[in-house]
Amino acid sequence: MASSSVILSQLLPSIPSPKPHRFKSIFLADSFPTSSSPFISSSKSLSQIQRFCSVTTKLSSTKPFTVSASSTITTLQALIFDCDGVILESEHLHRQAYNDAFAHFNVRCSASDTEPLNWDSDFYDVLQNQIGGGKPKMRWYFKENGWPTSSIFESAPESDSDRAKLLDTLQDWKTERYKEIIKSGTVEPRPGVLRLMDEAKAAGIKLAVCSAATKSSVILCLESLIGNDRFKGLDCFLAGDDVKEKKPDPSIYITAAKKLGVSEKSCMVVEDSVIGLQAAKGAGMSCVISYTSSTSNQDFTDAIAIYPDLSNVSLANLDLLLQNAVVAK
């Protein structure tokens with residue numbers, strides 16, 4: 001039987017070949033990329049990208065973009081964060097929770113399988129960057145590889161209602177397992193996230209979190225990682241349960257703009273993957289990327305800036321980027 005990674009690569013819509021795209025620096029320095037600078041390809045290795053980012057940071061110390069005390073945020077009205085991959089690097093934690101669920105319920109897609117289903121890291125990196133939401137991931141996998149036997153159903157479920165029950169049971173157990181991992185205290189927020197949230201609140205910018213994950217797990221993540229006060233201070237919080245379609249569908253961001261009472265053009269989204277970028281773009285919003293190790297080679301051509309993390313990104317930087325994006329449109 002072919003490996004899961006091979007099967008996925010054959011059956012899922014292929015990830016577009018990386019197109020050359022320009023890293024848009026948040027600093028204004030003579031030595032940074034300009035309209036005439038050579039492109040930096042998204043197919044560069046992670047280490048090459050990191051070296052570039054390191055160089056730009058060092059260069060910026062000699063001639064940084066600074067904001068005077070009298071400067072104000074003029075364009076940005078709402079800052080919207082994705083959760084998984086942006087607030088915390090969580091792909092490996094979700095994969096662990098799925099595999100624990102498959103083992104707990106003895107999920108097997110073939111009678112010849114000697115062990116419960118286990119998604120390896122290479123396969124999951126592709127899967128989670130192609131299909132948003134837990135149940136859609138499992139539904140796709142079982143449709144392609146056969147609906148499994150398990151301790152939930154001795155025989156593979158055939159009716160829509162039984163298949164829905166299988167997915168619901170697995171997802172609920174997986175969510176509780178994921179919560180246990182988060183509660184362990186071993187997970188921390190990614191660099192720069194808390195500072196940027198605090199800057200936004202201090203400046204009167206509306207703050208939101210929009211995640212495709214299950215609401216209860218996102219709530220636990222936010223309470224554990226950004227703190228209860230910041231979580232309660234969000235102007236909008238939406239999870240996968242709140243919309244019918246998952247990212248890359250733009251519904252969650254369109255809904256957020258309505259709840260926030262702002263124009264999509266005045267919103268800035270922070271995402272980590274091309275799925276999230278497509279959702280933001282589809283909603284008419286500008287998006288910056290804070291990539292992870294599993295998304296670093298994706299094609300982020302449509303992002304207005306790309307960063308390894310948010311440690312050197314300020315609210316003023318984002319406002320300037322949004323101003324330039326609005327003018328360019």
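Note that this is a predicted model, so its numbers are computed, not measured. (Residues numbered from 1 in each chain as written. Predicted model: local features only at pLDDT ≥ 70, side-chain atom pairs only at ≥ 80, totals over all residues. Heavy atoms only, no water.)

Asks: I tried to follow the overall build of the protein chain on my own but got confused; where do I start?
Replies: Per the secondary structure count, the protein chain includes twelve helices and eight strands. Counting across all 329 residues of the protein chain, residues that qualify as buried make up 48%. In the protein chain, the share of contacts with a sequence separation of at least 24, taken over all contacts with a separation of at least 6, comes to 71%. For the protein chain, the accessible surface area stands at approximately 15,200 Å², while carbon and sulfur atoms represent 50% of it. (Helix = DSSP H or I, 4+ residues; strand = E, 2+ residues; numbered from the N terminus. Buried < 20%, exposed > 50% of the residue type's maximum accessible area, 1.4 Å probe, protein only. Contact = heavy atoms within 4.5 Å. Areas by Shrake-Rupley, 256 points an atom, 1.4 Å probe, with all protein chains shown as cover.)

Asks: Please explain the nonpolar core as it appears in this structure.
Replies: The tendency in soluble globular proteins is for nonpolar side chains to be buried as a group. The biggest cluster of nonpolar side chains holds 44 residues, and the ones touching the most others in it are Leu79, Phe81 and Leu222. Apart from the residues lying within four places of it in its own chain, the contact partners of Leu222 are Cys83, Ile87, Val209, Gly227, Phe231, Leu234 and Phe237. (Core = buried A, V, L, I, M, F, W, Y, C linked by side-chain atoms within 4.5 Å.)

Asks: Quick question: what am I supposed to make of the packing of helix H4 (residues 121-128) against helix H5 (residues 134-145) here?
Replies: A packed helix pair is summarised by two numbers, namely the angle formed by the two axes and the spacing between the axes. Running from amino to carboxyl end, H4 crosses H5 at an angle of 115°, the nearest separation of the two axes being 11 Å. As the angle between them shows, H4 and H5 are arranged roughly perpendicular. With respect to the hand of their crossing, H4 and H5 are arranged in right-handed fashion. Across from Phe123, Tyr124, Leu127 and Gln128 in H4, the residues of H5 making contact are Lys137, Trp140 and Tyr141. Residues belonging to the contact of H4 with H5 are distributed by class as follows: five nonpolar, one polar and one charged. (Axes fitted to C-alpha atoms, helices over the stretch in contact; angles between N-to-C directions. Parallel < 35°, antiparallel > 145°, perpendicular 65-115°, else oblique. Left-handed = near helix turned anticlockwise from the far one by under 90°. Nonpolar A, V, L, I, M, F, W, Y, C, P; charged D, E, K, R; others polar.)

Asks: Help me understand unusual backbone geometry, please; the structure alone is not making it clear to me.
Replies: With an omega of 15°, the peptide bond between Lys247 and Pro248 qualifies as cis. Mapped onto the secondary structure, Pro248 falls in the loop between strand S5 (236-238) and helix H10 (251-260). In this structure, Asn106 takes a positive phi of about 50° despite not being glycine.

Asks: Help me out: how do you make sense of the pattern of salt bridges in this one?
Replies: Close approach of charged atoms allows side chains with opposite charge to pair. In total, this model carries eleven salt bridges according to the counting rule given. Its salt-bridge partner being Glu176, residue Lys179 comes within 3.2 Å of it at the nearest N-O pair. One end of the pair is Lys179 and the other is Glu176, both in helix H6 (residues 160-183) and three residues apart, which spans about a single turn. Here Lys201 makes a salt bridge to Asp235, at a shortest N to O gap of 3.5 Å. Of this pair, Lys201 sits in helix H7 (residues 193-202) while Asp235 is found in the loop between helix H9 (228-232) and S5, placing the two residues 34 residues apart along the sequence. Classification of Asp235 as partly exposed rests on a relative accessible area of 38%. Linked through salt bridges whose partners overlap, the residues forming this network are Asp82, Lys247 and Glu271. (Salt bridge = Lys/Arg side-chain N within 4 Å of Asp/Glu carboxyl O.)

Asks: How should I be thinking about the layout of surface pockets in this particular structure?
Replies: To find leftover empty space, a probe the size of one water molecule is rolled over the atoms. Approximately 570 Å³ is the volume found for the largest pocket. Taken together, 34 residues line the largest pocket, and the ones lying closest to its centre are Asp84, Gly133, Lys137, Ala212 and Ala213. Elements with a minimum of two residues in the lining of the largest pocket: helix H3 (91-104), H4, H5, H6 and helix H11 (274-282). It is H6 that provides the largest number of residues to the lining of the largest pocket, a total of five residues. A class-by-class count of the residues in the lining of the largest pocket yields seven nonpolar, 14 polar and 13 charged. (1 Å grid on protein atoms, 1.4 Å probe; cavity = no way out; pocket = protein on both sides within 12 Å on 5 of 7 lines; lining within 4 Å. Points joined across faces, edges and corners; volume = space filled by probe spheres on them.)

Asks: Would you mind going over H5 with me for this structure?
Replies: Along an α-helix, residues three or four apart share an orientation, since each turn contains 3.6 residues. Here H5 is twelve residues long and its end C-alpha atoms lie 17 Å apart, about the 16 Å a rise of 1.5 Å per residue gives. Listed in full, the buried residues belonging to H5 are Gly134, Lys137, Met138, Trp140, Tyr141, Phe142 and Asn145. A positive backbone phi angle near 100° is found at Gly146, which sits one or two residues after H5. (Expected span 1.5 Å × (residues − 1).)

Asks: Just checking my understanding: could you explain the side chain of Thr295 for this structure?
Replies: With respect to the element layout, Thr295 can be found in the loop between strand S7 (286-290) and strand S8 (305-307). When sequence neighbours within four positions are dropped, the list of residues in contact with Thr295 reads Asn129, Asp272, Ser273 and Phe300.

Asks: Help me out: how do you make sense of the pairing of strand S4 (residues 206-210) in this one?
Replies: In regular strands, side chains alternate between the two faces of the sheet. Within S4, four of the five residues are buried, which leaves the element mostly enclosed by the surrounding structure. The pairing of strand S3 (residues 78-81) with S4 spans four bridges and is classified as parallel. Residue pairing across strands places Ala78 opposite Lys206, the latter belonging to S4. Pairing of S4 with S5 involves three bridges; the strand directions are parallel. Its bridge partner being in S5, Val209 is matched across the sheet by Phe237. (Pairing = 2+ DSSP bridges.)

Asks: Hey, could you run me through the packing of aromatic side chains in this one?
Replies: Centre-to-centre distance and the angle between the planes together describe a pair of aromatic rings. The full count for this structure, using the stated rule, is twelve aromatic pairs. Geometrically, the ring pair formed by Trp119 and Tyr124 is stacked, given 6.2 Å between the ring centres and 25° between the ring planes. The exposure classification of Trp119 matches that of Tyr124, with both residues buried. When the centroid spacing of 5.6 Å and the interplanar angle of 65° are considered together, the rings of Trp119 and Tyr141 count as edge-to-face. (Phe/Tyr/Trp six-rings, centres within 6.5 Å; stacked < 30°, edge-to-face > 60°.)

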